[in-house]
Amino acid sequence: MSTGFTERYRSALMNTFGAPKLVLTRGEGAHVWDEDGQEYVDLLGGIAVNALGHAHPAIVQAVTTQLSTLGHISNFFASAPQIALAEKLLAVVGTGGRDGRVFFTNSGTEANEAAFKLTRRTGRTHLVAMTGSFHGRTMGSLALTSKEAYRAPFEPLPGDVTFVPYGDVDALAAAVTDETAAIVIEPIQGEAGVVVAPEGFLAAARSIADEHGALLWLDEIQSGMGRTGQWLASAPSGVTPDIVTLAKGLGGGFPIGACVGLGRAATLFEPGNHGTTFGGNPVACAAGLAVIATIEEDGLLEHVTVLGQKLRDGLAADPRVAEVTGEGLLIGVVLTDERSAEVAAAALRAGFILNNATPTRVRLAPPLVLTGDDAEAFLQAWPAILEEAFS
Ligand SMILES: *Cc1c(COP(=O)(O)O)cnc(C)c1O
């Protein structure tokens, strides 16, 4: 990053993210360019956000058309894109013949705040969350996030939350009582470095929730909207949640989140219980509609499944890789040593953006439109990246 920008960034922005790696100026498809004109393949996709890559014509068209027609109206009024996106989301999430209703937000953490408040409408206050979880940085979502370093500076956090080891059915069964409002689970823990729930865990959580009259809330903010080659990462489990929270990929880069309530959770909110000024605005909803339509029209779920498998197989072939986790294009690479920061740095020097989620885990969450050629180029560069990082 040029010294001019470094200094200006440091003196104008709060230091919450540490020093930025680059100043980016332009993007197209899965590629971005920095201020020096250097090109990168973006294998992080704005942290699983840029589902259609950068500057996708369908999003550009949808957003500009909507913005020049009707941009913002407040939630005293309704708009066609908002209603259409809610209907579309219920269709892709699947209601299983039950009631389904959507509350739109502007971010993931706000979708979770809405869900958190929704669970209070059961008349119960106890929540059960998972170790390794990440649900966002606002106070309610942070109360459900297990990472001590994120929580400690802001305690006391709201709510009555019990954490159980991710994937531990017995611990979950022991923690949930008749006072439990909801169990909240990420089917794949993205921020933890792409840790996948063990086979049968979601089904067990469903039956434990049912046994105690608790809601099952799946946070699919990172794993949902086609990222795993399915609309929801939880879909193959056949488990039907009561609440699903979505954001990241939903707007393809335009900020939007959603709290989807199913069955009795669909109608727990009454007028006055919750609100938002920007949430569900016509422009954000137009972006969401464009993302879903493009995923459907371009057969991206199938593309993600095939390309994801190819990438995982290729990444796993190196002996410095202990394991490759994830589904579709949400991929975790577990290294044999704590070298993820070095791997991310070496990859960046080689022209690839990825993320060191934990000291041993590298995360890839590229645009769903990543091409086979870009994936191939990365796999070609992979051994040399590891060589540099491990030397
Ligand atoms: C990113 C993320 C969030 C928070 O979303 P923001 O838009 O950053 O507030 C919540 N849950 C999960 C699983 C996430 O990956």
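Residues numbered from 1 in each chain as written. Predicted model: local features only at pLDDT ≥ 70, side-chain atom pairs only at ≥ 80, totals over all residues. Heavy atoms only, no water.

Note the threshold: UniProt positions are given in the numbering used here, feature names are shortened, and annotations may be inferred rather than shown by experiment.
Per an unreviewed UniProt entry, the chain is named Acetylornithine aminotransferase, and its organism is Nocardioides panacihumi. Looking at the Subcellular location (unreviewed entry) heading of the UniProt record, one finds this comment for the chain: "Cytoplasm". Quoted verbatim from the Pathway (unreviewed entry) field of UniProt, the annotation for the chain is "Amino-acid biosynthesis; L-arginine biosynthesis; N(2)-acetyl-L-ornithine from L-glutamate: step 4/4."

Let's talk about unusual backbone geometry
Counted only if it meets this: Think of it this way: any DSSP run of H or I at least four residues long counts as a helix, any run of E at least two long counts as a strand, and we number them from the N terminus. Categorising residues by exposure relies on relative accessible area from a 1.4 Å probe, with only protein chains included: less than 20% of the type maximum marks a residue as buried, more than 50% marks it as exposed, and the intermediate range marks it as partly exposed.
Between E155 and P156 the backbone carries a cis peptide bond, its omega angle lying at 5 degrees. Mapped onto the secondary structure, P156 falls in the loop between α7 (148–151) and β6 (160–164). Even without a glycine there, the phi angle at I47 is positive, about 60 degrees. Positionally, I47 belongs in helix α2 (residues 45–48). On the basis of relative accessible area, I47 is assigned to the partly exposed category, the value being 34%.

A short note on the sheet that holds strand β17 (residues 361–364)
For clarity, the threshold we go by: In short, DSSP must find at least two bridges between two strands for them to pair. The contact rule is simple, with two residues in contact once any of their heavy atoms fall within 4.5 Å. Every axis corresponds to a line fitted to the C-alpha atoms, with the helix fit spanning only the stretch in contact, and the corresponding angles, defined between N-to-C directions, vary from 0 to 180 degrees.
If you trace the four strands from one edge of the open sheet to the other, you get β13-β14-β17-β16, paired in antiparallel fashion. The sheet is open, and its two borders are formed by β13 (321–327) and β16 (355–356), each paired with just one other strand. Across two bridges, the pairing between β16 and β17 is antiparallel. When the bridges of β17 are listed, N356 appears paired with V362. Sheet contacts for helix α11 (residues 300–316): β13, β14 (330–335) and β17; angle to β13, the most-contacted strand, approximately 170 degrees. Strand contacts of helix α13 (residues 372–390): β13, β14 and β17, with the helix running at about 35 degrees to β14, the strand carrying the most contacts.

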